[in-house]
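Listed here are the chains, written in short residue letters.
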Amino acid sequence: MKLYDFIQSIDSFCSYDNPWTFKTEPEIDGSHGSYPDKREINSLIRNGIINVDKPPGPTSHEVAFWIKQRLSLNRVGHGGTLELL
């Protein structure tokens, strides 16, 4: 017996007539992606975002270049900077 059938049988027994909304986790078949915790580290690095708390001193471009070198990546960018003086 499925959960939905069980709930509906309880509802009919109690004369409950309001509709239910069931939310379920999506099923991934493997051909259109994967769960983040199942991905290889190289995939996470190459297709992810790295949050950096940049210290005062180096520019955002310098920090992006350092990350590019350390992780052997072809492209690295930054989404801006907020610097306090």
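Residues numbered from 1 in each chain as written. Predicted model: local features only at pLDDT ≥ 70, side-chain atom pairs only at ≥ 80, totals over all residues. Heavy atoms only, no water.

S.K.: Explain the overall build of the protein chain to me, please; I cannot follow it from the model alone.
M.R.: Secondary structure summary: the protein chain contains 3 helices and 0 strands in total. Across the protein chain, helices and strands are ordered from the amino to the carboxyl terminus as α-α-α. When burial is assessed residue by residue, the protein chain has 11% of its 85 residues classed as buried. Per element, the accessible surface of the protein chain, about 8,400 Å² overall, is 54% carbon and sulfur. (Helix = DSSP H or I, 4+ residues; strand = E, 2+ residues; numbered from the N terminus. Buried < 20%, exposed > 50% of the residue type's maximum accessible area, 1.4 Å probe, protein only. Areas by Shrake-Rupley, 256 points an atom, 1.4 Å probe, with all protein chains shown as cover.)

S.K.: Please clarify how the confidence of the model for the protein chain should be interpreted in this entry.
M.R.: When pLDDT is low, close inspection of the predicted coordinates is not appropriate. Averaged over all residues, the pLDDT of the protein chain equals 77, while 82% of them reach at least 70. Predicted confidence in the protein chain is weakest over helix H1 (residues 3-14), with a mean pLDDT of 75, and strongest over helix H3 (residues 60-70), with 88. (pLDDT = per-residue confidence, 0-100.)

S.K.: Looking at this structure, I do not really get unusual backbone geometry. What am I missing?
M.R.: The general pattern is negative phi for most residues beyond glycine and trans for most peptide bonds. The phi torsion at serine 72 lies on the positive side, around 55°, for a residue other than glycine. Here serine 72 shows up in the segment after H3.

S.K.: Explain a nonpolar patch on the surface here, please?
M.R.: Residues Tyr16, Trp20 and Phe22 make up a contiguous nonpolar surface patch of about 320 Å² in total accessible area. Its location among the elements puts tyrosine 16 in the loop between H1 and helix H2 (41-46). For tyrosine 16, a relative accessible area of 38% puts it in the partly exposed group. (Patch = residues over 30% accessible without salt bridge, like charges linked within 9 Å, V, L, I, M, F, W, Y side chains within 5 Å. Salt bridge = Lys/Arg side-chain N within 4 Å of Asp/Glu carboxyl O.)

S.K.: Quick question: what am I supposed to make of H3 here?
M.R.: Owing to its 3.6 residues per turn, the α-helix aligns residues three or four sequence positions apart on the same side. Residues of H3 that are buried include every one of Ser60, Val63, Ala64 and Ile67, and no others. Looking straight down H3, one finds its buried side chains confined to an arc of 100°; they lie on one side. (Arc of directions from axis to C-beta.)

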